Every structure is written in C-alpha cells, then in structure tokens.
Amino acid sequence: MRVELLYFDGRPHWKVADERLAEALRGPGRADVGVERHLVEAAEQAEELAFLGSPTIRLDGWDPFASGSEQEGLSCRLYATPAELSGSPTTAQLLEVLS
C-alpha cells in the first residue's frame with residue numbers, strides 16, 4: 001500500500017495528521033508501510049498534484065476523505081470527525097480507511 005501525505009508549511013495540522021498516520025500504521029500487518037511526504041510549495045504544483053488542501057492523505061492514489069466539494073489549491077483542509085470539524089482525521093478514521 002502506498003500512503004502519501006501532501007501538505008504545505010505554515011499550518012500545524014499536517015504534523016498532527018503525520019503523527020496519527022504513524023500511529024495507525026503501527027498496527028499488525030502495516031509495519032512495512034511508510035508515509036511518503038510531499039511538500040506543496042506553489043499553486044501550480046498544487047494544481048498538478050490535485051492537492052485538496054493541507055493536509056491531504058492518499059492511499060494508493062485515492063483520497064478516502066474527499067467529498068467532491070473540495071477545491072484544489074494551497075488552502076487548509078478540514079475533516080469531519082465524530083466530534084467536530086478538525087484539521088486532521090482521527091486515528092480511528094485512519095485505521096478504518098487503512099483496513
């Protein structure tokens with residue numbers, strides 16, 4: 001499985017997402033899966049990568065959290081979690097999409 005984390009600097013939410021991804025990947029059968037981090041620095045790069053905001057998580061090229069209403073570009077992304085809107089999916093949500 002290929003796991004990607006796309007982000008831009010200046011917003012701390014990507015670090016939270018990175019920590020939660022690492023936690024979710026520590027489970028059985030996932031020890032060999034690493035996270036490819038991609039720093040998105042320009043609007044052109046965001047468009048080329050179909051970047052839906054920071055952080056964006058992709059599994060084998062698929063964004064399991066995309067609703068279809070997101071716009072490409074250098075923006076902050078919000079995720080619907082069970083408790084509230086957040087700058088990162090929860091560890092439980094990540095475990096669910098990784099299984």
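Structure first, text after, so check above.
One structure accompanies this document, and this report is about it. Since the structure is predicted, the reported quantities are computational estimates derived from the model, not experimental observations.

Considering the environment of Tyr79
Thinking step 1. Its place among the elements puts Tyr79 in strand β4 (residues 79-80).
Thinking step 2. Its relative accessible area of 3% is what places Tyr79 among the buried residues.
Thinking step 3. For the pair Tyr79 and Thr90, spaced eleven residues apart in the sequence, the C-alpha separation amounts to 8.9 Å.
Thinking step 4. The contacts of Tyr79, once residues within four sequence positions are left out, are Pro55, Thr56, Ile57, Phe65, Glu84, Leu85, Ser86, Gly87, Ser88 and Pro89.

Quick notes on the pairing of strand β3 (residues 56-59)
Thinking step 1. Side chains of β3 alternate between two faces, with Thr56 and Arg58 and Ile57 and Leu59 buried alike.
Thinking step 2. Examined bridge by bridge, strand β1 (residues 3-7) and β3 share four bridges and lie antiparallel to one another. Along β3, the bridge assignment pairs Leu5 with Ile57.

Here we look at the sheet that holds strand β2 (residues 35-39)
Thinking step 1. The strand order across the open sheet formed by three strands is β2-β1-β3, and the pairing between neighbours is mixed. The sheet is open, and its two edges are formed by β2 and β3, each paired on a single side. Direction aside, neighbouring strands of the sheet carry axes that sit 20° apart on average.
Thinking step 2. As paired strands, β1 and β2 are joined by five bridges and run parallel to one another. Looking across to β2, one finds that Tyr7 is bridged to Leu39.
Thinking step 3. Strands β1, β2 and β3 of the sheet are contacted by helix α1 (residues 13-25), whose axis makes an angle of about 170° with β1.

Definitions and limits used
- Residues numbered from 1 in each chain as written.
- Predicted model: local features only at pLDDT ≥ 70, side-chain atom pairs only at ≥ 80, totals over all residues.
- Heavy atoms only, no water.
- Helix = DSSP H or I, 4+ residues; strand = E, 2+ residues; numbered from the N terminus.
- Buried < 20%, exposed > 50% of the residue type's maximum accessible area, 1.4 Å probe, protein only.
- Contact = heavy atoms within 4.5 Å.
- Pairing = 2+ DSSP bridges.
- Axes fitted to C-alpha atoms, helices over the stretch in contact; angles between N-to-C directions.

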